[in-house]
Amino acid sequence: MNEIKTKKQLPSKEERHKLFGSVEPGPRTKPEEKSKMPDLQNTKKDFLFELDAVGVQNVKHPIVVPSTLNPKEQSTIGNFYFASTISQDSKGTNMSRFTEQLNVYHANGFKVDIKTLKQFVKELQGRLKQKDAELSVEFPWFFEREAPYTGKSGMNHAEAWIKVNYHHENGYDVKVGLKGKITTLCPCSKEISEYSAHNQRGNVIIEVTLDPDYDETNIDWKEVLLEATESNASARIHPVLKRPDEKMVTEQAYENPRFVEDMVRLVSSDLYELDFVKQFHVKCVNEESIHLHDAIASITYDKRKEK
Ligand SMILES: Nc1nc2c(ncn2[C@@H]2O[C@H](COP(=O)(O)OP(=O)(O)OP(=O)(O)O)[C@@H](O)[C@H]2O)c(=O)[nH]1
């Protein structure tokens, strides 16, 4: 026997909102025109302390990333931080101006190269009417990777970031960074064991200060930092491996054992030799396969302080 279904008769949307607590607007007494509104953040008084930074963070926005590896240009999502210092006599910043400027750049297709970001930060300093401004942007950077024997390719990615600071008297400070993943095979395990050696996935985190004359039209820092990471590892990580490839990377790792300390020293040596790198920080975090904890090592070095 067929059941007879009766359709619910819902109240109108307005009635439904009232049912769940919406009320009529109250009397309006405060100005609605911008020029008549108090501007609290622009109050001038002695506010006791200068601020190191005031701004916005965790701003997600579409960006275009140029690359020397394939794909040569990729659309992705950047996570931005924008800030400036403010003086003791200013109550607050004009927060709308950070995202207002972001939208101006979006209208032209926001390409996150060093030249564009430097221009962005200088304009932001002017827009905020402060003596400095800074931004950082983090994004996943994709690159094509071929298997070592069969040449089968797929996409790998690393976390990349750029930090730009501009001061109206001191100029720019630009830092770039990359977190890449590698295989490391334990030298101690190889030495003491009758067979095999434990290995792990290592994370190499690099941040470098760029030389003011760094020319991104000649060198892509992302590719260089990735190569410094991967070329010093026990083996590279691949998206696609067939059996002949797997045999190659397994044997290569066994032939190139690395402690976490070896990794940071070898990567630092490569960075030391690069003219466009003035200062660097290298950290390696190995997700140990024979422990629940990670092994870590790091180096910070400033070439500008050398005698
Ligand atoms: N300074 C400051 N603003 C905040 C904060 N949190 C939110 N805001 C918001 O920032 C917005 C105002 O931005 P402003 O840039 O000062 O706006 P405006 O004065 O209309 O903009 P201009 O014409 O550029 O000066 C308001 O919506 C504030 O509520 C905060 O902690 N500090």
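Only a predicted model underlies this, so the values are computations on that prediction, with no experimental measurement involved. (Residues numbered from 1 in each chain as written. Predicted model: local features only at pLDDT ≥ 70, side-chain atom pairs only at ≥ 80, totals over all residues. Heavy atoms only, no water.)

1. Here we look at the site of the ligand
Stage number 1. The immediate surroundings of the ligand are formed by Lys34, Asp39, Gln41, Thr93, Asn94, Met95, Ser96 and Arg97.
Stage number 2. Between the ligand and the protein, one listed contact pairs an oxygen atom with a side-chain N or O atom of Lys34 at 2.4 Å.
Stage number 3. Here an oxygen atom of the ligand sits 2.9 Å away from a polar atom, N or O, in the side chain of Asn94.
Stage number 4. Protein chains shield 50% of the accessible area of the ligand, which is 660 Å² for the free molecule.
Stage number 5. Looking at the shell around the ligand, its residues break down into one nonpolar, four polar and three charged. (Near = heavy atom within 4 Å. Polar contact = N/O pair within 3.5 Å; in protein donor to acceptor, adjacent residues only side chain to side chain. Areas by Shrake-Rupley, 256 points an atom, 1.4 Å probe, with all protein chains shown as cover. Nonpolar A, V, L, I, M, F, W, Y, C, P; charged D, E, K, R; others polar.)

2. Side note on the sheet that holds strand 1 (residues 51–66)
Stage number 1. The antiparallel open sheet is built from eight strands, whose spatial order is 1-2-3-4-5-6-7-8. Because the sheet does not close on itself, it has two edges, and the strands there are strand 1 and strand 8 (294–302). Averaged over all pairs of adjacent strands, the angle between strand axes in this sheet comes to 15°, irrespective of strand direction.
Stage number 2. With 13 bridges joining them, strand 1 and strand 2 (residues 73–86) adopt antiparallel strand pairing. Of the residues in strand 2, the one forming a bridge with Val56 is Phe82.
Stage number 3. This element, helix 3 (residues 114–128), spans strand 2, strand 3 (132–146), strand 4 (153–167), strand 5 (171–185) and strand 6 (199–210) of the sheet and lies at about 160° to strand 3. (Pairing = 2+ DSSP bridges. Helix = DSSP H or I, 4+ residues; strand = E, 2+ residues; numbered from the N terminus. Axes fitted to C-alpha atoms, helices over the stretch in contact; angles between N-to-C directions. Contact = heavy atoms within 4.5 Å.)

3. Here we look at the packing of helix 5 (residues 221–230) against helix 7 (residues 260–272)
Stage number 1. Taken N-terminus to C-terminus, the directions of helix 5 and helix 7 make an angle of 140°; their axes are 8 Å apart at the nearest point. Classified by chirality, the crossing of helix 7 by helix 5 is right-handed. Counting all contacts with helix 5, which are made through Leu225, Ala228 and Thr229, the residues of helix 7 involved are Met263, Val267, Asp270 and Leu271.
Stage number 2. Taken together, the residues of the contact of helix 5 with helix 7 sort by class into five nonpolar, one polar and one charged. (Left-handed = near helix turned anticlockwise from the far one by under 90°.)

4. Let's talk about the UniProt feature "site: May be catalytically important" (unreviewed entry) in the protein
Stage number 1. Those places that UniProt annotates as "site: May be catalytically important" (unreviewed entry) correspond, in this numbering, to Cys186.
Stage number 2. Considering the arrangement of structural elements, one finds Cys186 in the loop between strand 5 and helix 4 (187–192).
Stage number 3. Setting aside chain neighbours within four positions, we find Cys186 in contact with Ala197, His198, Gln200, Pro257, Arg258 and Phe259. (UniProt positions renumbered as here; feature names shortened; annotations may be inferred.)

5. Concerning the packing of helix 2 (residues 96–107) against helix 3
For any two helices packed against each other, the geometry is given by the interaxial angle and the distance between the axes.
Stage number 1. In contact at an axis separation of 10 Å, helix 2 and helix 3 are set at 140° when each is read in the N-to-C sense. If you check the angle between helix 2 and helix 3, you find them oblique. The element helix 2 and its partner helix 3 pack so that their crossing is right-handed. Contacts from Arg97, Phe98, Glu100, Gln101, Leu102, Val104 and Tyr105 in helix 2 reach Thr116, Gln119, Phe120, Glu123, Leu124, Arg127 and Leu128 in helix 3. (Parallel < 35°, antiparallel > 145°, perpendicular 65-115°, else oblique.)

6. So, helix 3
Side chains of residues three or four places apart in an α-helix project in the same direction, reflecting 3.6 residues per turn.
Stage number 1. Between the first and last C-alpha of helix 3 there are 21 Å, a value that for 15 residues agrees with the 21 Å anticipated at 1.5 Å per step.
Stage number 2. Among the residues of helix 3, those classed as buried are Ile114, Thr116, Leu117, Phe120, Val121, Leu124, Gln125 and Leu128.
Stage number 3. At the exit of helix 3 stands Lys129, carrying a positive phi of roughly 55°. (Expected span 1.5 Å × (residues − 1). Buried < 20%, exposed > 50% of the residue type's maximum accessible area, 1.4 Å probe, protein only.)

7. Examining helix 5
Stage number 1. Helix 5 sits mainly inside the fold: eight of its ten residues count as buried.
Stage number 2. Those residues of helix 5 not exposed but buried are Trp221, Lys222, Val224, Leu225, Leu226, Ala228, Thr229 and Glu230.

8. Comments concerning the side chain of Gln74
Stage number 1. Within the secondary structure, Gln74 sits in strand 2.
Stage number 2. Look at Gln74 and you get buried, because its relative accessible area is 8%.
Stage number 3. Of the polar contacts made by the side chain of Gln74, one reaches the backbone oxygen of Pro71; its length is 3.4 Å.

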